[in-house]
Structures are given as structure tokens and as C-alpha cells.
Amino acid sequence: MKKIFLLPLLLFLTGCNITVLDPKSDTASEQAFLIEFSFWIMMFVVVTVFILFTYFVIKYRYTETRKHDLPQDVKGNIKLEITWITIPVLLLIVLAVPTLAITYDQSPQWTEESDQSGVVIDVVGKQFNWTFTHANGTEEMDKLLIPEGESIVLNLKSADVIHSFWVPQLGGKVDVIPGKELTYEINNPKKGTYQGKCAEYCGLGHTDMTFEVKVVSKQAYEQYLQK
Amino acid sequence: MKLSMFGSEYSIPTDIVAAWVSVIVIGLVATYFVVKKRKLYVIWDYMKTTNHRKIGILYLLFGILYFFRAGIDALLIRTQLAIPNNDFWVFQGEKYNELFTTHGTLMIFFVAMPLLLGLMNIAVPLQIGARDLAFPFLNALGFWLFFAGSVFFNLAFFIDMTPEVGWTGYAPLSRAAFTPGAGTEFYVFGLQVSGLGTIFTALNLIVTIVRHRAPGMLYTRMPLFAWASLITSFLILIAFTVLAIALYLLMFDRLFGTGFFSGDEGDPVFWQHLFWIFGHPEVYILALPAFGIFSDIISTFSKKRVFGYGTMVASIGLIGFLGFMVWVHHMFTVGLGPVVNTFFAITTMAIAVPTGIKVFNWLFTMRGGVIHFTTPMLFALGFIPSFVIGGVTGVMLSLSAADFQFHDTHFVVAHFHYVIIASTILGVFAGLYYWYPKITGYILDEKLGKWHFWTFLIGYHVTFFPMHITGLEGMPRRVYTYSETDGIFLLNALSTVGAFLMGISMLFVIWNVYKTHKMKVKVSHDPWNGRTLEWTVPSPAPVHTFEPMPVIQSIDAYWYAKLAGHVLPTTTDVRIKPLERDSIQPFCIAMSLLIVSTGLTFRWYWLAITGGVALFAMLVLRSFTDEREDFYGKGDEHA
Amino acid sequence: MHKQEAALFQDKKVGFFIYLGVETIMFAVLFATYMIFTPAANGPYPSEVFQSKMVMLSSFFLLSSSGTLMVAERGVRERKKNKTLLGLRLTLVLAIVFLGVEVYEFYSFVQEGYGLSTSVFLSSFYVLVGLHAAHVAFGIGWMIVLFIQFRRTKVSASLYEEKQTIFSYYWHFVDGIWVFIILLVYLPYIT
Ligand code: HEA
Ligand code: HEA
Ligand SMILES: [Cu+2]
């Protein structure tokens, strides 16, 4: 059991080739930072508990020699209890600060209230495919081309049930909800081809509701729009 | 499979054929044994019983039965996911969707809930010195409603109408426009009927704990399992009522054309709010009783009283309270805006504090004790580190911006199996081994118990640990396959191996029960050298307990009495035990609700009305056969 | 009522109050639903639908039924048969009239084309007020059962008192919900 636990540690140390922790945009980088940062704090908690646990279980286990031991009747200890209230509170405060900052920055918003500056693209999710419409009306299904280095503003709509737009390496999910239009921003994507998928269970063909995202140079994007 | 009958062709999926065959075979075998051993009267006896221990046994039996069924679903899920682009049996697309829906719904509502309610039913009255639950008739009704709901939900599969909306039933997918078949109705009515039973049982437990404690059993002397049950019952009352209304509205949407949860006039997100206002407290409903069980077990087998009793109770209360303020953490991605997201991120994180108090208090209960590694204790020990792993991933999920990545991936699947299995499932196992003598009069074999523990624990970590990584690799949940290029084959294969190891470990349980009941070695009333009142009554607990009634003067009173070498003082000045009389009426009431549900599901309104009439007739009958009639107005000679 | 009976009665009271707590939550969620969806973007505006006369009429009947029920409660406590019966009978009549008005109200709404699925506002109106009406109907059935229990010799006076007391809690509760229906459902839209 303990050995398995070392597995992710090793993976983290050997330069993270886990998809989500290999971000290709500023948006995803901030999220990956938060994940790794919290991971280390959590490691601290887990290790503390494991050490105490192992120590107590071994030290106070029943043995033949302790057959007639009668443990002392301890009721509690206010000082100790205050310690393990205070330390977690402090840890959580440390965690809360970057969480607040990044959440404020990244939370999806209603389209009416959002700032539409950047490369605006309309996204429509429908059982079971995605349609992407660019500013000049260019439309393509299940394939999204975006320019690198820009701020990409996605306006997401659903034609039927709830879907969720997700490109792990470019950013987190945004739900695509019938009757509401949400806006999500992906900042500064880097060149490459990425997998996108629908992350909210949407019925029969949910598994196959995938798409491809290509981040290309600005010129290539212009050309694509001209086509 | 194709079948031609009466000149027309039917095609029946092979998994359903397999289900029918296995149920018929098992049914025949069971009937054969019942008839041969002349045990029919036992079944009849249990159908009429209102005794808390027997009802508890019924809860446990069905909980375990459904655990096997939902576990087999889990094994099918894991087999389909074992290798990339797998084509296992029929479980791609629709059938896979049905599979995880059934698995999740069964496990939460028809496995975890009855197992916990069963243990509460058995142990709580014994722990607090009550002679039964306050309302025995209502207790039986609660069970049979649960039974009716669960049977109804399970029937769907046999007629190939399994719901496929996930256990969360998100709208608008769950509206008739997108799932037109009757499947979702089975979800709606199955949960509605069984949920009603759960509410009744919770109410019953509250009245019992508030009003039927033994003399001197102050709130400050109550065992922690009783405390946890009390607070859990309050959570149930609130959470399940909200669920009931959510289902009520969904029923109107599906049956009568309203648009509460539709995209164009109503609001699909409203369903999510209602569902999670229920759903999040629900996860603490699953966890808190288990915390209570572990507290009692850790204290018993460390030979030490619980460390920091006061803060333990306070933290159960605080977890329960905070549990109602965090539901939006399941909805970070629906776009409720940064303010809402951060507010709920912070309340969610706050729950780590009271939970942490409990973890450290458990650890310090063991410190300085003499730890006996009995099977129940092993499960309690397995729980602590496993739960902490699951808990800290929960805290990671609560960081709203990070959750944009985690949400709806296998990372979440890993989180909740870690916490649920560590708390609820290990807790129930611990409780079963611990109270088995009180339930049946026999003690389970320790050696097989240890085999069960180790194989289960190892299997559990092997199954769910890799899911953290597959989730971060970008594997969404509720998908039936993935491709080779996703780089998650080995991890998934490992998960599958673990799942089968868990399956094997359950075979030890079957063997153990079989062996124990064959050996028939009776145990004494106090096989574990226990601390609380349940160990003062004979094993198995008789129908008439606590005569004479003990008087409680401290926490763990029985233990300290044993240490001092005397018996608990008793009194004859006690309140009356709850009136009880065997009755088949609870069963019939539940069955009439089953008829109503069937009628509504298939839009056979005449049947629904018939069921409704039957239901009211049963209620009137109940009013005229009240067991209080024989007692009231006769002076105090009954006392 | 002797000690042991009192203890059992107290159990039942506590249990029933908890049950009323459950009912409160149920109605609270439905009130919330109503407030979220009313007024709806499409379909009629509530004030086009509601008729203040009808509401006043039905309120008068239902709210006064709480008063007549109190007479019955006093009758039971004082062990005065006639008082009890009078109070109960009046309550029953008022309840039936209320239900009649309510059914008529629904009926006239539907006649005007304001059905259950016309708009989300109407849907949430019907599921809330309809559930309340169902409670009244159930209460009427309960009262009829009480009349029969009253005459049964096997039911001792103390047991009858218990049964009627529990019923009166239910009935006052249902009345209380109606007050909230007036305040939250009708009043904001009646001019
Ligand atoms: C028994 C059930 C159970 C329990 C106890 C928990 C406990 C917690 N859960 Fe979990 N959860 C579920 C069952 C449970 N959960 C289920 C079923 C789902 C998914 C439903 C679905 O979508 O299908 C879910 C989903 C879920 C989500 C949504 C994920 C998503 O869908 O995107 C989140 C997000 O915040 C979350 C958070 C938490 C937190 C913070 C806790 C905390 O209570 C954990 C607290 C415990 C600890 C933290 C460990 C001990 C503490 C210490 C040792 C002290 C020091 C610690 C620190 C300073 C960190 N859970
Ligand atoms: C109490 C809650 C609970 C429990 C105990 C479990 C237990 C298990 N779960 Fe469960 N699971 C959920 C609650 C639970 N789950 C929920 C709520 C969901 C979400 C559903 C949704 O998305 O809607 C889910 C989803 C879920 C998924 C994700 C599916 C997906 O999203 O695509 C997976 C995948 O591996 C999984 C696996 C398992 C496994 C392997 C077990 C194992 O622990 C099971 C162990 C038990 C056994 C293996 C049975 C043993 C019996 C036998 C082997 C019988 C032998 C038979 C004979 C001899 C005849 N579960
Ligand atoms: Cu939650």
C-alpha cells in the first residue's frame, strides 16, 4: 500500500507528463499550479497522519507482555486539540489565497456580463457533436482552429441537453447549458494539436463526442478564416 | 438473443437473459431450501415483525444482496474499461450508461443506506438502553417502503428498461424529451418510495434517542454511534425531503408536461441545486454513522475511552451543519460566477477542520492504549489512512479553479470511492463483525475475517488509486472506452485487477458466514469485552431487553462497572416499552405504493388509482387496529 | 391520563412535530420553486390569473376552520361530547367548502386556458397549491375517520383525545401553510 503511494510522487518528480499537469496555455498553467501546490500541502497532511498512525499502532499494539496492562484513563487534552484545529486552519488559509485569485480570474460567466475582447468563437454543443463558428461566419464541426498567443473567448451554447467543453491541456471545463449562454476564456494557447471532449454525460453517444483543437500561428488562422 | 413467440419476433439482450436465468436459478434453489427445511414460517414471521433487531436484519440482508448485485455491475464496468477500445459483451454505449447508473444508484440508496440503517436499528436501542424503537409499526413500514422502492428499481433491469441518466439524474437529459422510455420513471419512483421509508426511519430514530434512553444515559454519556445516528437522522430528514420534492417536480416534468427543468422555460440548473442540496448532505449521511462505529470500535479495542469526547460530538454536529452549506462544489463549472464559486470553495475546505479533529482524536484514542487487532479493529485501522487519502483529494477538488480540471473525471471517481469505501463500506464491515454476536448469537471466524480484510483493502487501493492518475490524464467519467493513445491502458488494467480482488474478498465473507452458521458455536453476551450497554444483554439480543433497566452513571458505564467488579445498578421505575404487535400491514402499505408507482410509470392510471385506494384503505385499517386500543384507559396495571 | 399513557402520547407528539418539520421543508422548497419561476418570461402574468375574491373566500373558510377546531379541542379536554362533535362538524363543513372553492378556482383557471403546463409560473403554482389542497383533502378523510373513532367503544377517552390532538396539530399546520400561500403566492400579484 505504501509503495503505491509513492507512485504519483515519482511521476511528479520525473517532470510530469500527465496531461493536465502539462499545460499549454496560461489558463491551464494556473490550474496546474494550483493542483501541484495543493498536492504538496496534502502530502504534508497525509504524511503526518501516516507517521502518527504507524507509530501508535506499532508502539501500543497488544503483546503477551502487555496482557495485564490497563491503559491510563485519558479523557482528552485541550492543548493538543487546539493544535490540530489551528494547523489545518492555517494550511487551509494558505490554500485559499491562490484559489481565490485564480477562481476570480477564471470562473466562466454569463455571456451578457462578460468582456468580449479577444478572438471570439461561438461553440454549440449538440447530441453528439460540436459546432464552432468563428467571427466571420466560418463554421466547422468537431474541429476547432485557434491562433496562438491570443485570448480566446468562447461563447458556449447547447442545442439540447447539458454538455461540457473540455480541452485538458488548454483549460478546465465549462458546462454548456440549454437556455443559458456562458463565456469562457482561454489565454495564450501554445501551438499544437490537442484532444477535446465532452465531459458532462449527455446520453447515448457521450463517449464519442470528442473534437480536435489545433492551435496555429496567427497567419495560419487568418488563412483558415479566408477559406 | 432472438425469440419468436406467438408469431412475432422479440429480441432480448443477452445480459437480460443472463439475469433472468440467474435469478430463476437462485430463486429455485432458495425456495427448495426454505421448503425442505420447513422455514416458510420464518419468512412469514419476518414479514410481520416490528422488532428492531429483526428489522435491522432485514435491512442488512437486502443491503448485502444489493451490494453483490451492484458489485457485479462494478465488475462489468471494470471489465469493459480494462483495455482500450474494448468490446466486452454488450456494454458499450447504452448498456454501459445503464450500468453505471444502476451501480451508482444501487450503491448509494440501496446498499449504503440500508446497511447503515440496519446497524442503527440493531445497535442504537441496545446502546442507549431503549427497549425498541419508539414506533415499531413505523419502523416496519420504513423498511418495507425501502424494500418496495428497491424492488421497483431493480425490476427495471429485468424488463430491459434500466434508467440511463446517471445516479444524479441531471435534467434536461432526464426529461421525457431526451429519455422517453419508462427507464427514468423507475429511477424517480424507486427513489421516491424508498426515500419516504428512510425519512420515517430517521424520525423514529430521533424520537427513540431523544425519549427512550435509559435512566442516567445523559447526552454526555451516549456512545458516539448513537450520537452519530442522531445527527445523521436530522440530516436525513432535511436532505431526503429536498430530494423528495426534486423527484416530485421531475415526475411532473415527465408525466404531466410541466417545464421546471427544461432548457427553454424552466431551469436545468435548478435540478442540480435541489439534487446537491440533497446529495452533499447525503455523503455525510453515509460517512457520519461510520465515524460513530469506528469511534466505538477503536475505543473498545484500545481499551481506552474515546479521546476528547466533547469535541468528537461537536465535530459530528459541525460536519452535519457545514454539510448543508457546500453543495455548489459539485457545480463549479455551471457558471454561477466567481463570488459563488469562491464562497462554496471556502465552506467546503472548512469541513476538513472538524474531520481532522476526528482523525487526530482517533489516533490519540489509540495512543497509550492496548490495541487488539481483531477483525473489527482491523477495518477501523484500515479506515484511518484510507479515509485521509480520500479526504485530502476532496480538499483538492474543493479548490474551485482546480476543480475545473478535476470535475467529471476519474479523479472524482477516485475521490468518492476512497471516502465512501473507507467510511461506509469498511464501517459497515467493521460493524457487522463487531455486532454479529448481538445479531445472531454467533461470532464470525477471525481468520477468514482477516483474509477478507486484507484482500479487500489491497483490492480497494489497487482499484481506485490509479484512477487519480487516469483522471489527470484526461479520462472523463461515464465513458465506456478510451483509445490506446490516451496512455491510460495500464492504469485501467490495474484498476480492473483490483476490482476483481475485491470481488474475491467478498467470497471470504460468504464462506465465513456459511462456516459460522454451520459450526453453531454460541457466544456469551460480551465476547469483545465491550464498554457499552449492548454487551449487557444476551446474544442474540432477545425481544425483551433491559429488564430490569440499568441505571447509567458515567460514559462507558458497563466497562467501569466491570473494572470495579460490580454490576450496573438497576431500577424498576421506568417508562413503558414501546407498544408493539406483529402486523402484515406495513408490508401491504408498501406494496400498495408499489402498485401506484407501476401505474404511474406505465401511465396505467386506473392501476395507479387502484393502488391509491388500496393505500388509503390500509391507512384507515391501521387507524382501526391501533395497538394502543388495548392499552389505553385501563389504568396503570399495564406498566 | 396516567403516567404511562402520557409518555406514549409524548412520543407521538414529538414524532408528529418532527414530521411536520419534514412537511415544512417540503413546502419551503415548493415556495422557493414558485418564487424562482414567478413571474415567468412567457405566458400570463400572475395578476391576470388570480381573482382576489376567490382567494378571500377560500381563506375565510379555511382560517375559520382552525377556530372551530379549537372548540372541538376544548370539548375533548373538558370531556364534553357535544362540544367536541359540534367543533368537528363545523370544521369538516368548512374544510369541504374550502376544497370546493379551491377546485372551482382551479377549474375556472383551466377554463380560461391557464393549465398545469401553460407556463412554469402556473406549473409551480399548481404543484404548490395543489399539494396543499391534497393535504386538506387528506385532512377531511382523517376527520371522517375521527368521527367513527369517536363512537367506537374500544377507543378510550384518553386515546381519542390523543388522536384528535394529533389531528389538530396537522390541521393547524395546514392552515398555517395557507397563510404563507396567501402571503407569498397571491398577495404580491393581487392589486
Ligand atoms: C462518504 C462520502 C464522502 C465524503 C466523506 C466526502 C468528503 C469530502 N468531499 Fe466528496 N464526494 C463524494 C462523497 C464524499 N465526499 C461523492 C459521492 C462525490 C461525487 C458525486 C458525483 O458527482 O457522482 C463527491 C464529490 C466531491 C466534489 C465535487 C467534485 C466534482 O464533481 O467536481 C468535491 C469538491 O469540492 C468534494 C469535496 C469533498 C471534501 C472537501 C470532503 C471533506 O469532507 C473531506 C474532509 C477530510 C479530510 C480533509 C481528511 C482528514 C483531515 C485531516 C487529517 C485534517 C487536516 C487536513 C487538511 C488541512 C486538508 N467531493
Ligand atoms: C456506496 C457506494 C459505492 C461503492 C461501494 C462502489 C464500489 C465500487 N465501484 Fe462505484 N460508483 C458509485 C458508488 C459506489 N461504488 C457511484 C455513486 C458512482 C457514480 C455513478 C454515476 O456516474 O452515475 C460509481 C461509479 C463507478 C465507476 C465509474 C464509472 C464511470 O464513470 O464510467 C467505476 C469504475 O471503475 C466504479 C467501480 C467500483 C468498484 C470496482 C467498486 C467495488 O468496490 C465493488 C466491490 C464489490 C464487488 C466486487 C462485489 C463482490 C461480489 C461478487 C464478486 C459476487 C461474486 C458472485 C458470485 C460468486 C455469484 N464505480
Ligand atoms: Cu459534496
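Residues numbered from 1 in each chain as written. Chains lettered and ligands numbered in written order. Predicted model: local features only at pLDDT ≥ 70, side-chain atom pairs only at ≥ 80, totals over all residues. Heavy atoms only, no water.

If you check an unreviewed UniProt entry, chain C appears there as Cytochrome c oxidase subunit 3/cytochrome aa3-600 menaquinol oxidase subunit 3 from Virgibacillus chiguensis. Under Subcellular location (unreviewed entry), UniProt gives the following word-for-word description of chain C: "Cell membrane". In the Sequence similarities (unreviewed entry) part of its UniProt record, chain C is described as follows: "Belongs to the cytochrome c oxidase subunit 3 family." (UniProt positions renumbered as here; feature names shortened; annotations may be inferred.)

By the naming in an unreviewed UniProt entry, chain B is Cytochrome c oxidase subunit 1, taken from Virgibacillus chiguensis. In its Catalytic activity (unreviewed entry) section, the UniProt entry covering chain B states "4 Fe(II)-[cytochrome c] + O2 + 8 H(+)(in) = 4 Fe(III)-[cytochrome c] + 2 H2O + 4 H(+)(out)". As its UniProt record puts it under Pathway (unreviewed entry), chain B is described as follows: "Energy metabolism; oxidative phosphorylation."

Turning to a nonpolar patch on the surface, a few remarks are in order. Residues Val21, Val25, Val29, Tyr32 and Phe33 of chain B make up a contiguous nonpolar surface patch of roughly 460 Å² in combined accessible area. By the element assignment, tyrosine 32 of chain B lies in helix H1 (residues 14-36). (Patch = residues over 30% accessible without salt bridge, like charges linked within 9 Å, V, L, I, M, F, W, Y side chains within 5 Å. Areas by Shrake-Rupley, 256 points an atom, 1.4 Å probe, with all protein chains shown as cover. Salt bridge = Lys/Arg side-chain N within 4 Å of Asp/Glu carboxyl O. Helix = DSSP H or I, 4+ residues; strand = E, 2+ residues; numbered from the N terminus.)

Right, let's get into the packing of helix H2 (residues 26-59) of chain A against helix H3 (residues 78-106) of chain A. A pair of packed helices is characterised by two quantities: the angle between their axes and the separation of those axes. Residues and elements named next belong to chain A. It is at 11 Å that the axes of H2 and H3 come closest, and there the two elements cross at 165°. It follows that H2 is roughly antiparallel to H3 by the angle criterion. In this structure, H2 crosses over H3, and the sense of that crossing is left-handed. Contacts from Thr27, Glu30, Gln31, Phe33, Leu34, Phe37, Ser38, Ile41, Met42, Phe44 and Val45 of H2 reach H3 at Leu91, Val94, Leu95, Pro98, Thr99, Ile102, Asp105 and Gln106. Its residues placed into classes, the contact of H2 with H3 shows 12 nonpolar, five polar and two charged. (Axes fitted to C-alpha atoms, helices over the stretch in contact; angles between N-to-C directions. Parallel < 35°, antiparallel > 145°, perpendicular 65-115°, else oblique. Left-handed = near helix turned anticlockwise from the far one by under 90°. Contact = heavy atoms within 4.5 Å. Nonpolar A, V, L, I, M, F, W, Y, C, P; charged D, E, K, R; others polar.)

All names here are of chain B. At the metal site, the copper ion (ligand 3) is ligated by His280 (ND1), His329 (NE2) and His330 (NE2), and these contacts range over 1.8 to 2.1 Å. All donor residues of the copper ion (ligand 3) come from one chain, and their arrangement in sequence is H-x48-H-H. Taken as an interatomic distance, the gap from the copper ion (ligand 3) to the iron atom of ligand 1 is 4.5 Å. (Donors = N, O, S within 2.8 Å, 3.2 Å for Na, K, Ca; no water.)

A few words now on the site of ligand 1. Near ligand 1 there are 33 residues, and of these Tyr284, Asp403, His407, His415 and Arg477 of chain B occur at the shortest range. A distance of 3.2 Å is found between an oxygen atom of ligand 1 and a backbone nitrogen or oxygen belonging to serine 398 of chain B. One of the side-chain nitrogen or oxygen atoms of histidine 407 of chain B is found 2.7 Å away from an oxygen atom of ligand 1. Counting only elements with at least two residues in the shell around ligand 1, the list comes to H2 and H3 of chain A together with helix H8 (268-302), helix H11 (352-366), helix H12 (375-398) and helix H14 (410-440) of chain B. For the shell around ligand 1, the residue count by class is 20 nonpolar, 11 polar and two charged. (Near = heavy atom within 4 Å. Polar contact = N/O pair within 3.5 Å; in protein donor to acceptor, adjacent residues only side chain to side chain.)

What follows is about the sheet that holds strand E2 (residues 119-126) of chain A. All names here are of chain A. Spatially, the six strands line up as an open sheet ordered E1-E9-E6-E2-E3-E4, and their pairing is mixed. Two strands close off the open sheet at either side, each with one partner strand: strand E1 (109-110) and strand E4 (139-141). As paired strands, strand E6 (residues 151-158) and strand E9 (residues 182-187) are joined by six bridges and run antiparallel to one another. Note that in E9 the partner of leucine 154 across the bridge is tyrosine 184. Where helix H4 (residues 218-226) meets the sheet, it contacts E2, strand E3 (129-134) and E4, and its direction lies at approximately 100° from that of E3. (Pairing = 2+ DSSP bridges.)

Turning next to the sheet that holds strand E11 (residues 210-216) of chain A. All names here are of chain A. Read from one edge to the other, the open sheet built from five strands follows the order E5-E11-E10-E7-E8, with strand pairing classed as mixed. If you trace the sheet from one side to the other, it starts and ends with strand E5 (143-147) and strand E8 (171-176), each paired once. Sheet twist, expressed as the average angle between the axes of neighbouring strands with direction ignored, equals 20°. Pairing geometry for strand E7 (residues 163-167) and strand E10 (residues 192-198), over two bridges, is antiparallel. Residue pairing in the sheet places tryptophan 166 in a bridge with lysine 197 of E10.

Residues and elements named next belong to chain C. UniProt's entry tags residues 16-37, 49-72, 84-104, 124-148 and 169-189 with the feature "transmembrane region" (unreviewed entry), counted in the numbering of this structure. Overall, residues 124-148 shows 100% helix and 0% strand. The separation of its end C-alpha atoms is 37 Å. Secondary structure over residues 169-189 splits into 86% helix and 0% strand, and the C-alpha atoms at its two ends are 30 Å apart.

Once that is clear, we can look at the environment of alanine 608 of chain B. Residues and elements named next belong to chain B. By the secondary structure assignment, alanine 608 is in helix H19 (residues 605-624). With relative accessibility at 11%, the residue alanine 608 sits in the buried group. Note: C-alpha distance between alanine 608 and threonine 598 (10 residues apart in sequence) is 7.1 Å. Discounting chain neighbours no more than four positions away, the residues touching alanine 608 are Val596, Gly599 and Leu600. (Buried < 20%, exposed > 50% of the residue type's maximum accessible area, 1.4 Å probe, protein only.)

We now examine the site of ligand 2. Residues and elements named next belong to chain B. Around ligand 2 sit 32 residues, and of these Arg78, Tyr96, His103, His417 and Arg478 come closest. Tryptophan 167 has a polar backbone atom sitting 2.9 Å from an oxygen atom of ligand 2. One nitrogen or oxygen atom from the side chain of arginine 477 is found 3.2 Å from an oxygen atom belonging to ligand 2. Listing elements by their share of the shell around ligand 2, those giving two or more residues are helix H3 (52-81), helix H4 (94-128), H14, helix H15 (446-472) and helix H16 (489-519). Looking at which element gives the most residues to the shell around ligand 2, the answer is H3, with seven residues.

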